[in-house]
Amino acid sequence: MSGGAGGLGAGFSYQKFVHFALEQTRLRSTLVPHPSQEKFKFIKPNEDNTVLNTLSFSTSKIRLLRSLTIEQKNSVQVLDFAAFSEPEYDFPIFCANAFSSPARSIVVLDLNPLYDTTEHKDYREKYYRNLMPLIHKYSELLPWGGKITSESLRFFSPIVIWTMFEPTEANHQALYSAFMDYYEVWLELMDGAVRETSEEKIDRNREAQHKYLTWRAEKDPGYPLLKKLIGESGAKDLVREFLFEGVGSLGTKSFLEYFPEYAQQDGTVNRKRSMAGKSFGTRPWDAHGRSQHIG
Ligand code: BLA
């Protein structure tokens, strides 16, 4: 790549992350365009130097695999890539979020658990026990990104890569390498996942995914930038009908029913991201993925 000094300018793009993931998924399953793809194909940002790209698919096991990239010439680069299973499966949600400005990159890369791994030890053992070595592989290259709220941590797994770095070519290469590893691991989990037949368990999976979608649709840190680029109603549509599609159909509970601590006296949702006010400056899991001090 021809990155030059900061690496971010001419050469860097998150498109290759998306291409890699789609190619690897195609080797294992048939990608069918998701209805949201057509609808969100042409989003024109307010700023001329900015390009938004959206793609969304499903497969027999994946309800929704979607990606959003934002590219501003020599400036901000964004990746929001996620994949959600059909409710018949309980394998984790693939989550790759990266926001890069010339000053720094803010990254979350994880197989987000469908069930909180502090409360649901069986789920942690089932999916993460064997994956802990991944953390050792990347903990030096992509160190813990500093204080993070307990509200976000609930949605992260013990193998999460939460990091901030200077956007150099070497750091982005490390991130790409981690992305490829995490995506391969996720595809393996998907391949091995067994279809649930108990209606009760399927309902439980559906609700867990709906709770996750409800959280992210309300509290995504990317929202202010989306609003700036495509306006308030465009950003709302993108969040609810593309990025976190399913928030309006997989369940009927509201944000405040899932997260009552955000209720204000007048019945509206508190706009703060964190209510507990707790934050974690270091990785709060031990080498086995057991939580050290999450509430
Ligand atoms: C910042 N994005 C952050 C932070 C996190 C995330 C943890 C640090 C600030 C904080 O503690 O909240 C990402 N948080 C997540 C993710 C989950 C979560 C993925 O809880 C999942 C459960 N980021 C994006 C996209 C954009 C973006 C698509 O993923 C822009 C369109 C921007 N993220 C962005 C910006 C910041 C940020 C601008 C810094 C500003 C801020 O903290 O508000």
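Just so we're clear, the structure is a prediction, and the values are computed from it rather than from any experiment.

**Student:** Would you explain the nonpolar core in this entry?
**Tutor:** Within soluble globular proteins, side chains that are nonpolar generally end up buried alongside one another. With 92 residues, the main nonpolar core has F94, L111, Y182 and W186 as its most contacted residues. When residues in this core are grouped by element, the largest group, twelve residues, is from helix α6 (residues 169-192). In this view, Y182 contacts F94, L109, D110, L111, L134, I135, Y138, I159 and I161; residues no more than four positions away in its chain are not counted.

**Student:** Just checking my understanding: could you explain unusual backbone geometry for this structure?
**Tutor:** Trans peptide bonds make up most of the peptide bonds, and negative phi angles are found at most residues other than glycine. For N74, which is not glycine, the phi torsion reads 55° and is therefore positive. Along the chain, N74 turns up in the loop between β3 (62-72) and β4 (77-85).

**Student:** What's the story with the sheet that holds strand β1 (residues 32-33) in this structure? I'm lost.
**Tutor:** Hydrogen bonds between backbone atoms are what pair the strands of a sheet, whose relative direction is either parallel or antiparallel. The seven strands are arranged β1-β2-β3-β4-β5-β6-β8 in an open sheet whose pairing can be described as antiparallel. Two strands lie at the open edges of the sheet, namely β1 and β8 (161-165), each paired on one side alone. As judged from the eight bridges shared by strand β2 (residues 50-58) and β3, these two strands associate in the antiparallel manner. By the bridge assignment, S56 is partnered in β3 with R66. Against the sheet, helix α1 (residues 15-26) makes contact with β2, β3 and β4, and its axis sits at roughly 160° relative to β3, the strand it touches most. Contacts from helix α9 (residues 232-243) reach β2, β3 and β4, with the element oriented near 145° to β3.

**Student:** Please clarify how the pattern of salt bridges should be interpreted in this entry.
**Tutor:** Pairing between side chains of opposite charge can happen when the charged atoms of each approach one another. Using the criterion set out here, one finds 18 salt bridges in the structure. Close ionic contact of E245 with R63 constitutes a salt bridge, the shortest N to O distance being 2.8 Å. Here E245 is found in the loop between α9 and α10 (255-258), whereas its partner R63 is found in strand β3, with 182 residues between them in sequence. Taking the shortest distance from any N to any O, the salt bridge between D80 and R66 comes out at 2.9 Å. One end of the pair, D80, is in strand β4; the other, R66, is in strand β3, with 14 residues separating them in the sequence. Judged on exposure class, the residue D80 and its partner R66 are both buried.

**Student:** Mind showing me how you'd approach the site of the ligand here?
**Tutor:** Close contacts around the ligand come from 19 residues, with N97, I148, S152, G222 and R273 the closest. With respect to the ligand, the side chain of N97 contributes an N or O atom lying 2.5 Å from an oxygen atom. Within the contact set of the ligand, an oxygen atom lies 2.9 Å away from a side-chain nitrogen or oxygen of R273. Taking 840 Å² as the accessible area of the ligand by itself, protein coverage stands at 83%. At the level of elements, β4, β5 (93-100), β6 (105-112) and α7 (199-219) are the ones that each hand at least two residues to the shell around the ligand. Counting residues per element, the shell around the ligand draws most heavily on β5, at three residues.

**Student:** Explanation requested: the packing of helix α8 (residues 223-230) against α9 in the structure shown.
**Tutor:** The description of two packed helices rests on the angle between their axes and on the distance between the axes. Between α8 and α9, the least distance of the axes is 7 Å, while the angle of their chain directions is 125°. Regarding the angle of α8 to α9, the classification is oblique. Of the two possible hands of crossing, α8 and α9 adopt the one that is right-handed. Taken together, the residues of α9 that come into contact with α8 (itself represented by Y223, L226, K227 and I230) are E232, G234, A235, K236, L238, V239 and L243.

**Student:** Looking at this structure, I do not really get the pairing of β3. What am I missing?
**Tutor:** It is a general feature of regular strands that their side chains alternate between the two faces of the sheet. Burial analysis of β3 places eleven of its eleven residues in the buried class, which makes it a mostly covered element. Hairpin connection of β2 to β3: three residues between the antiparallel strands. Sheet analysis places β3 next to β4, joined by nine bridges and oriented antiparallel. Its bridge partner being in β4, L65 is matched across the sheet by A83. Where β3 hands over to β4, the hairpin turn is made up of four residues, of which N74 adopts a positive phi near 55°.

**Student:** Which parts of the structure should I look at to understand the packing of aromatic side chains?
**Tutor:** The geometry of an aromatic ring pair is captured by two quantities: the separation of the ring centres and the angle between the planes. According to the stated counting rule, one finds 29 aromatic pairs in the structure shown. Each ring, one from Y115 and one from Y123, has its centre 5.5 Å from the other, and the planes form 75°; the classification is edge-to-face. One exposure class covers both Y115 and Y123, and it is buried. The structure contains a cluster of three or more aromatic residues connected by ring pairs, namely Y14, F17, F20, F81, Y89, F91, F94, Y176, F179, Y183 and W186. Cation over ring: K16 sits above Y176, and NZ or CZ is 4.2 Å from the ring centre. Stacked on the ring of Y115, the Lys or Arg R204 has its end atom at 4.6 Å from the ring centre.

The rules we used
- Residues numbered from 1 in each chain as written.
- Predicted model: local features only at pLDDT ≥ 70, side-chain atom pairs only at ≥ 80, totals over all residues.
- Heavy atoms only, no water.
- Core = buried A, V, L, I, M, F, W, Y, C linked by side-chain atoms within 4.5 Å.
- Buried < 20%, exposed > 50% of the residue type's maximum accessible area, 1.4 Å probe, protein only.
- Helix = DSSP H or I, 4+ residues; strand = E, 2+ residues; numbered from the N terminus.
- Contact = heavy atoms within 4.5 Å.
- Pairing = 2+ DSSP bridges.
- Axes fitted to C-alpha atoms, helices over the stretch in contact; angles between N-to-C directions.
- Salt bridge = Lys/Arg side-chain N within 4 Å of Asp/Glu carboxyl O.
- Near = heavy atom within 4 Å.
- Polar contact = N/O pair within 3.5 Å; in protein donor to acceptor, adjacent residues only side chain to side chain.
- Areas by Shrake-Rupley, 256 points an atom, 1.4 Å probe, with all protein chains shown as cover.
- Parallel < 35°, antiparallel > 145°, perpendicular 65-115°, else oblique.
- Left-handed = near helix turned anticlockwise from the far one by under 90°.
- Phe/Tyr/Trp six-rings, centres within 6.5 Å; stacked < 30°, edge-to-face > 60°.
- Lys NZ or Arg CZ within 6 Å of the ring centre and 35° of its normal.

Structural measurements only, silent on function.
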